[in-house]
Amino acid sequence: MQPCTSCQNAFGSINPGLLAEIERRILVSDGGMSQFERDGVTAAGAIEGLPPIALTPERSSPHDWLPYCFPPALLLLSLAIIAGTWLWLGAPAADAPHFGSGKLHCVSYAPFRDSQNPLTPGLMIGARQIAEDLDQLAGISDCVRTYSTGNGLDQVPAMARRAGLKLLLGIWIGTRPSENLQQIETAIALANDYADVVSAVIVGNEVLLRREMTASDLAGIVRSVKARVKVPVTYADVWDVWLRSHEVSAAVDFVTVHVLPYWDDLPISAVRAAAHVGSMRQRIAAAFPDKEIFVGEVGWPSAGRMREGALPSPANQVRVISNILALAAQQNFRVNLIEAYDQPWKAKWEGTVGRHWGLFDSEARALKYPAGVPVRNHPFWEIQMAGGIAFCLLIFAVAYGAGRQTRGQSRPATWFAIALVASVSGVLLGMAIERTLLQGFGIAGSIRCGVLLAVATGGPLLCAIALMTGVAPPTFSEVMGVRGDRRLPGLSLALGAALTLTTLAACETALGLVFDPRYRDFPFAPLTMAVLPYLILRSFDRRQMAGSPPLAEAVFCVLFGMSAACIAFNEGRENWQSLWTCAAYLALGSALWLARAPGERTGFHFA
């Protein structure tokens, strides 16, 4: 408040603080003229009748210190939230794995590592690599199952004999008769040469499920192989295919059924997975009472997207396998776990979840769950917590620096918003990086995950500066330079560019989850980090409420709303990853809906 004219003339040399006190005593009116001035009395004369004014500084009240204590208190609260959340997420999620008193009966084996892909023409796996794997697997299993005799897998019988392993020898049957014939002839020769190692021959894997051959043709191949080997012969497929394949069942020595609760048309949660396996085995046994029922594939993924209530995680993988093995021992039936090693090459066809079914990781070839070590869903939680705390501190530091530059006193609501952004970003940063490393396979996947992680880390920092400086995000038309030649300030341009990238990345993931969802991951962590700051920034600007959003923003808003509704309906209410991602899409749509063209807003204003 500026002193009145009379006070300035009479006491121009007095300390400004004392001058303000004098003016408060004179009671300046809204019009700038004191009551004494209206009565014709000078300010100097009016002061003569006043009691003496102490020239000592006025004692500070608690309200004077509140603006300085408020941000540090919120910072401490944000740090506590981040630390507490990661202490909870990093706690042991399951007991140490217990796979029975002895070894596993059998485990699926594929030797491919790193970038090795069985579909690469001419790929041959060396004998040393196979020998290393089988020597390792001999420590946990009595048997391995293969699916093909190509790519160097014809060396497995000799290596298995050396390692002391039994072998379920697989023949890959596809759509090419010449390749089928080569596989068959090789397998027959191996089964006869290594009769002490090969305990059975599996002719084809899910051929009927893929609809690559008729049941009658497949049954004919099974009979031809059976006539030329001395070991039992079978065929492997999922349980519902077996229920309608009685012609094939008549040709096999025993039924090899795949029961994968995660991949069922109606996905089964980890809690009910073992009971489901037992139920399906009994159903197959009732359909084929004269055949032994061998569960040829059963397991659970350790990472990937949810399918309804089926959540891939390390803890759930251990829980499902332990429960199934206990059930198999109780009911006396054989199972083959899928699979020995994670298979990176499957990601191209089955997404993140396809590459994470192994008991060993693919890079270090190390057992994921050593005996006696509790299982954590986030084994690197300490690093993730530390990174989140550091990012939270950075957001507060950036906001504080922006506030000092503007030399303005921020409202408590502004610091509340910054604390919310910092807390959420600090918690989710570790998840976002973790999922980027898991999901960033292939060129397209790496670009998608890289863009999402970039906007997830850049958005909170930019919006913290914008909240402190009062800069509103521009519209898409302003960013693209459609509206005249007016150049945007640097911060506005950065905000607009980041929001544009966020919108495009979200649009790509949303449409993918609508039209091709089966193997796609939910980007809930990086998307939330990127979207929340813009929603807060736009919500604080009450002047944005007038008028209607620009056409581009309105179109994206409708797209995200319709996509969220479709995804939520398709994925079901048990899929929290889906619901969280849909909420992020709706939040982004809301932030876009609050955008206004330059002519419809006059600046940034906090309510």
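So, how was this worked out
- Residues numbered from 1 in each chain as written.
- Predicted model: local features only at pLDDT ≥ 70, side-chain atom pairs only at ≥ 80, totals over all residues.
- Heavy atoms only, no water.
- Buried < 20%, exposed > 50% of the residue type's maximum accessible area, 1.4 Å probe, protein only.
- Helix = DSSP H or I, 4+ residues; strand = E, 2+ residues; numbered from the N terminus.
- Contact = heavy atoms within 4.5 Å.
- Disulfide = S-S within 2.5 Å.
- Pairing = 2+ DSSP bridges.
- Right-handed = clockwise from strand over helix to strand, strands pointing away.

Engineer: Would you mind showing me how to read helix H14 (residues 347-354) here?
Structural biologist: Every α-helix winds through 3.6 residues per turn, so residues three or four apart in the chain are directed the same way. All buried positions along H14 are accounted for by Ala 347, Gly 351, Thr 352, Val 353 and Gly 354. Considering only its buried residues, H14 is in contact with helix H16 (412-439).

Engineer: Please explain unusual backbone geometry as it appears in this structure.
Structural biologist: Peptide bonds are mostly trans, and most non-glycine residues show a negative phi. Cis rather than trans, the peptide bond between Ile 338 and Glu 339 has omega equal to 5°. Note that Glu 339 resides in the loop between strand S8 (335-337) and H14. In this structure, Asn 151 takes a positive phi of about 60° despite not being glycine. With respect to the helices and strands, the residue Asn 151 is situated in the loop between strand S2 (143-145) and helix H7 (156-163). Using a relative accessible area of 15% as the deciding quantity, one classes Asn 151 as buried. The phi dihedral of Asn 332 falls on the positive side, at around 60°, and the residue is not glycine. Its place among the elements puts Asn 332 in the loop between helix H13 (314-331) and S8.

Engineer: What is the right way to read the state of the cysteines from this model?
Structural biologist: Linking two cysteines covalently via their sulfur atoms produces the bond known as a disulfide. Enumeration according to the criterion identifies 1 disulfide in this entry. Paired through a disulfide, Cys 106 and Cys 143 show a sulfur-sulfur distance of 2.4 Å. Of note, the bridge from Cys 106 to Cys 143 carries an S-S torsion of about -45° and is left-handed in sense. With Cys 106 in strand S1 (residues 106-108) and Cys 143 in strand S2, this pair connects stretches of sequence that are 37 residues apart. For Cys 106, a relative accessible area of 1% puts it in the buried group.

Engineer: I keep staring at the pairing of strand S5 (residues 233-238) and nothing clicks. Help me out?
Structural biologist: Both faces of the sheet carry side chains from a regular strand, because those side chains alternate between them. The element S5 is extensively covered by neighbouring structure, given that 6 of its 6 residues are classed as buried. When strand S4 (residues 198-205) meets S5, the two strands line up parallel, connected through 3 bridges. Within the sheet, the bridge partner assigned to Ile 202 lies in S5 and is Thr 234. Crossover handedness for the path S4 to helix H9 (residues 215-226) to S5: right-handed. Relative to strand S6 (residues 255-258), S5 runs parallel, the two sharing 3 bridges. Within S6, the residue paired with Val 238 across the bridge is His 258.

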